[in-house]
Amino acid sequence: MTKLLRNDSLRNIAIIAHVDHGKTTLVDAMFRQSGLFRHDQELDERLMDSMDLEKERGITIAAKNCSVVWKGVRINIIDTPGHADFGGEVERALSMADGAILLVDASEGPLPQTRFVLKKALDAGLKIIGIINKIDRPDARPDEVLDEIYDLLIDLGVPEEQLDLPMLYAAGRQGVARKTLNGEAEDLHQLFDTILEEIPGPSHAPDAPFQMLVSDLGYSDYMGRLAVGKIFNGTARAQDNLVCIDKNGRCEPLKVSKLQIYEGMQLKDVDEVLPGDIVVVAGIDKVKIGDTICNRETPNALPRISVDQPTVSMKFTVNNSPFGGMEGKYVQSSRIRKRLQKETLLNVAVQVEETEDRDSLLVKGRGEFQLAILIETMRREGYEFCVGRPEVIFRYENGRKLEPMERLLVDCEERFLGVVTEKLSMRKGKMTSMVNNGKGRVRIEFSIPARGLIGYRDEFLTDTRGTGIMHSLFDGYEAFRGECPSRFTGSIVADRSGSAVPYALFKLEPRGRLVIVPGDPVYEGMIVGEHNRSQDINANPCKEKKLTNMRASGKDDHVILSPIKPVTLEQAISFIRADELLEVTPRSLRMRKIELSAQKRHAMRPSKEKSKAA
């Protein structure tokens, strides 16, 4: 058996954590202290958040690469998403790493996504360094959080010899990390040294031919399709003739036109790449994530990146409303299909399937949030389309119907415990644990069907007066738990086209919560509000006050409408029912019925009620 060698001039590490535990801020500080930038150089905050949506929402959506140099060793850093809906990005990123930094908030402790990303890192056999971050928070409890990290490791079945993780205590905003809680360090030098000491250099077989696993794709206007990945064995030079092995084992010849490695946030051209390098290869068009690039003479494929299967699906269709094509740049089904197919190339967790209707596509993903980000991204690119309600993907095994389950963690004030428990039990949730810290807040864990959480987040924030925190994590498939209500209210639907009038909206306000303002254009079948009762009602939001020749005893009452809170994309997706669609354009979000005609909907109602009774 060939003895493996290590490339000690390199370290490849992934930073894994729950949402908002400080990954990107810590990477900023590592950049500044590694000598990558001049002391007087002006820099933006959160350098790794390159997408507009990431900067707006303060979360990492796509895994990204960069590097710093410390004591002559190049440290490649992979920043991973902390939200479980972007799990495909995590799996992709971990395929390039030899070690991982587990970042945990000193106050919140390990949360569901911490479990998710840590399990993926342990399954990949990575060496872990633990960091308790934000020790400067007033409510920090680092000692208790350390115990919770060990409890999590034991719960995940980590062998006893691996429980003794190297631990550091950090304040990412201040750029401080130290090995003891009360240490003297005022910088990140101990973190850099720990990475060099604890994370092994990438291993490789010295005589093996070139092998590279494609973990990411990019595109350049000058070089075309780019393949990003880690070199497992061998070396390569620019202009080499190689092959790309796809999932079916077919070999596609390619000639390397350019080789690049990461230097800071930028790419640097190199003539030769070595084992362990994370490189960008230009010169191949037909490449997908998971493919292997290797020598022509000895083609040998590496194990492909495996990802969890999607749990939620949504139907994307052409916008056929009366306002269709008025606001979007790309409206044709062929354009939408091409864009969604491109997404499957860049995101291994997304799948696209054809439907019987050639103008519709079924898009599958990890969760409604992942699909919402895809919709928002397409909307900003100028696409106009309609989407249906998110539906969970059921499985059938041995004649049993199985559904995806979620592990739900709720942190709320003690006085809201009753209403939260009641609402979740109605959605088929089962409480599995409850911890009361004696400070007025409780932490409860539930096992709940994924479909029970669709549309619940806004209701939860209302019930807890905005003070509750809710996190969920996919927890496998279990037997179907029975029907559960998704929405207790109906829709107020416009029965004609026109512009909304203040007088009409004032008369509709007692019937429910409106989502349009005076002057908004409406059409027949468009949803203009949420009805207080469970059934839908048709209304005329364009009705004006009739003029007569009778004088008023005083002046007419001045119409004052309640303020309207704009509906966000996530709220609209979770609000719509199975017979409704969300119309998405670069400028507007409109909810509507699939069947726009009020007369046809009325004719269809008896058949629906008969089918329910049967």
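Everything here concerns the structure above.
Since this is a predicted model, take the numbers as computed values, not measurements.

**Student:** Before we move on, could you go through the overall build of the protein chain and cite the residues and values that matter?
**Tutor:** Scanning the protein chain from N- to C-terminus turns up 14 helices and 37 strands. Going through the 614 residues of the protein chain one by one, you find that 52% of them count as buried. Contacts in the protein chain between residues far apart in sequence, at least 24 positions, make up 72% of those at least 6 positions apart. Element-wise, carbon and sulfur atoms account for 48% of the exposed surface of the protein chain, whose accessible area totals about 29,800 Å².

**Student:** Can you tell me about the environment of Leu153, naming the residues and giving the values?
**Tutor:** In this structure, Leu153 sits in helix α5 (residues 142–155). Given the relative accessible area of 1%, Leu153 is considered buried.

**Student:** Give me the lowdown on the nonpolar core, citing residues and values where you can.
**Tutor:** The biggest cluster of nonpolar side chains holds 44 residues, and the ones touching the most others in it are Phe316, Leu340, Ile375, Phe385 and Leu582. Broken down by element, the residue count for this core peaks at 5 residues, all from helix α8 (residues 368–380). Once residues within four sequence positions are removed from consideration, Ile375 is found in contact with Met314, Phe316, Phe385, Val387, Leu569, Ile573 and Val584. One finds Val90, Phe116, Val145 and Val280 within the second-largest nonpolar core, a separate group that totals 38 residues.

**Student:** Quick one: what's the story with the sheet that holds strand β35 (residues 537–539), residue by residue and with numbers?
**Tutor:** With respect to topology, 4 strands assemble into an open sheet ordered β32-β34-β30-β35, the strand pairing being mixed. Strand pairing shows two members of the sheet lacking a second neighbour, β32 (512–514) and β35, which therefore form its edges. With strand direction ignored, the average angle separating the axes of adjacent strands in the sheet is 30°.

**Student:** Please give an account of the packing of aromatic side chains that cites residues and values.
**Tutor:** Within this structure, the stated rule accounts for 6 aromatic pairs. The interplanar angle of 20° and the centroid separation of 4.6 Å between the aromatic rings of Trp70 and Phe192 together place this pair among those described as stacked. Highlighted residues: Trp70 in strand β3 (residues 64–70) and Phe192 in helix α6 (residues 189–198), separated in sequence by 122 residues. Take Trp70 and Phe192: they sit in the same class, and that class is buried. When the ring centre of Phe232 is taken as reference, the NZ or CZ atom of Lys230 above it lies at 5.0 Å.

**Student:** Mind laying out helix α1 (residues 23–33), listing which residues take part and the relevant values?
**Tutor:** Across the 11 residues that make up α1, a large majority, 8, are buried. Listed as buried for α1 are Lys23, Thr24, Leu26, Val27, Asp28, Ala29, Met30 and Phe31.

**Student:** Explain the pairing of strand β36 (residues 580–584) residue by residue, including any values.
**Tutor:** When you tally the buried positions in β36, you get 5 out of 5 residues, the bulk of the element. Residues Glu580, Leu582 and Val584 point to one face of β36 and Leu581 and Glu583 to the other, with burial holding for every one of them. With 3 bridges joining them, strand β23 (residues 385–387) and β36 adopt antiparallel strand pairing. Across the sheet, Val387 pairs through a bridge with Leu582, a residue of β36. Here β36 runs beside strand β37 (residues 589–593); their pairing, made up of 5 bridges, is antiparallel. In the sheet register, Val584 faces β37, and the bridge partner there is Leu589. If you look at the hairpin formed by β36 and β37, you'll find 4 residues sitting between the two strands.

**Student:** Give a description of the packing of helix α4 (residues 112–123) against α5 that names residues and reports values.
**Tutor:** The interhelical angle for the contact between α4 and α5, taken along N-to-C directions, is 55°, at an axis separation of 11 Å. By the angle between their directions, the pair α4 and α5 is classed as oblique. Note on packing geometry: the crossing formed by α4 with α5 is right-handed. Contact with α4, carried on its side by Thr114, Arg115, Leu118 and Leu122, involves Leu152, Leu153 and Asp155 of α5 and no other residues of that element.

**Student:** Lay out unusual backbone geometry with the relevant residues and their values.
**Tutor:** Even without being a glycine, Lys134 presents a positive backbone phi close to 60°. Counting through the fold element by element, Lys134 comes out in the loop between β6 (127–133) and α5.

**Student:** Before we move on, can you summarise the packing of α1 against α6 with the specific residues and values?
**Tutor:** Interhelical geometry of α1 versus α6 gives an angle of 95° and a closest axis separation of 10 Å. Looking at the two axes, α1 sits roughly perpendicular to α6. For the pair formed by α1 and α6, the contact residues are Leu26, Met30 and Gln33 on the first element and His189, Leu191, Phe192 and Ile195 on the second. Residues that form the contact of α1 with α6 fall into these classes: 5 nonpolar, 2 polar and no charged.

**Student:** Can you tell me about the pattern of salt bridges, naming the residues and giving the values?
**Tutor:** Taken as a whole, this structure holds 38 salt bridges when the rule is applied. A salt bridge links Arg380 to Glu376; its shortest N-O distance comes to 2.8 Å. Of this pair, Arg380 and Glu376 are both found in helix α8, 4 residues apart, which corresponds to roughly one turn of the helix. Put simply, Asp463 and Lys423 hold a salt bridge, and the shortest N to O gap is 2.9 Å. Placement of the pair is Asp463 in helix α11 (residues 456–463) and Lys423 in helix α9 (residues 417–426), with a sequence separation of 40 residues. Counted as one network, the salt bridges with shared partners bring together Asp536, Arg577, Asp579, Glu580 and Lys593.

**Student:** Tell me what's going on with α5, and back it up with residues and numbers.
**Tutor:** Here α5 is 14 residues long and its end C-alpha atoms lie 20 Å apart, about the 20 Å a rise of 1.5 Å per residue gives. Where α5 is concerned, the buried positions are Pro142, Val145, Leu146, Ile149, Leu152 and Leu153. When α5 is viewed along its axis, its buried side chains cluster within an angular range of 120° and face the same direction. Within α5, the exposed residues directed more than 90 degrees away from the buried face are Asp143, Ile154 and Asp155.

Each value, and the rule that gives it
Numbering of residues starts from 1 in every chain and runs along the sequence as written. With the structure being a predicted model, the display of local features is reserved for residues of pLDDT at least 70 and the display and counting of side-chain atom pairs for 80 or more, all residues being used for whole-chain, interface and lining totals. As a rule here, side-chain values come from all non-hydrogen atoms in the structure, and water together with hydrogens is ignored. Secondary structure elements follow DSSP: runs of H or I of four or more residues count as helices, runs of E of two or more count as strands, with numbering from the N terminus. Throughout, exposure labels follow a simple rule: accessible area from a 1.4 Å probe, protein chains only, divided by the maximum for the residue type, with under 20% read as buried, over 50% as exposed, and the rest as partly exposed. Any pair of residues with heavy atoms lying within 4.5 Å of one another is described as a contacting pair. For accessible areas, the Shrake-Rupley method is used with a probe of radius 1.4 Å. Any residue's cover is judged against the shown protein chains and nothing else. Remark: nonpolar core denotes a set of buried residues (Ala, Val, Leu, Ile, Met, Phe, Trp, Tyr, Cys) joined through side-chain atoms within 4.5 Å. Paired strands are those between which DSSP finds at least two bridges. Helix axes are fitted to C-alpha atoms over the stretch in contact, other axes to C-alpha atoms as well, and angles between N-to-C directions run from 0 to 180 degrees. Under the pairing criterion, centres of Phe, Tyr and Trp rings, with the six-membered ring standing for Trp, must be within 6.5 Å; the plane angle then separates stacked pairs below 30 degrees from edge-to-face pairs above 60, leaving the rest tilted. For a Lys NZ or an Arg CZ to count as sitting over a ring, it must be within 6 Å of the ring centre and within 35 degrees of the ring normal. To sort the angles, those under 35 degrees are grouped as roughly parallel, those over 145 as roughly antiparallel, those from 65 to 115 as roughly perpendicular, and the leftovers as oblique. Crossing handedness is read from the near helix: turned anticlockwise from the far helix by less than a right angle, it gives a left-handed crossing, and turned clockwise, a right-handed one. Charged means Asp, Glu, Lys or Arg here, nonpolar means Ala, Val, Leu, Ile, Met, Phe, Trp, Tyr, Cys or Pro, and polar covers whatever is left, Gly included. Salt-bridge detection follows one rule: a side-chain nitrogen of Lys or Arg within 4 Å of a carboxyl oxygen of Asp or Glu. Each helix should span, by expectation, one fewer than its residue count multiplied by 1.5 Å. By construction, the arc corresponds to the directions joining the helix axis to the C-beta atoms.

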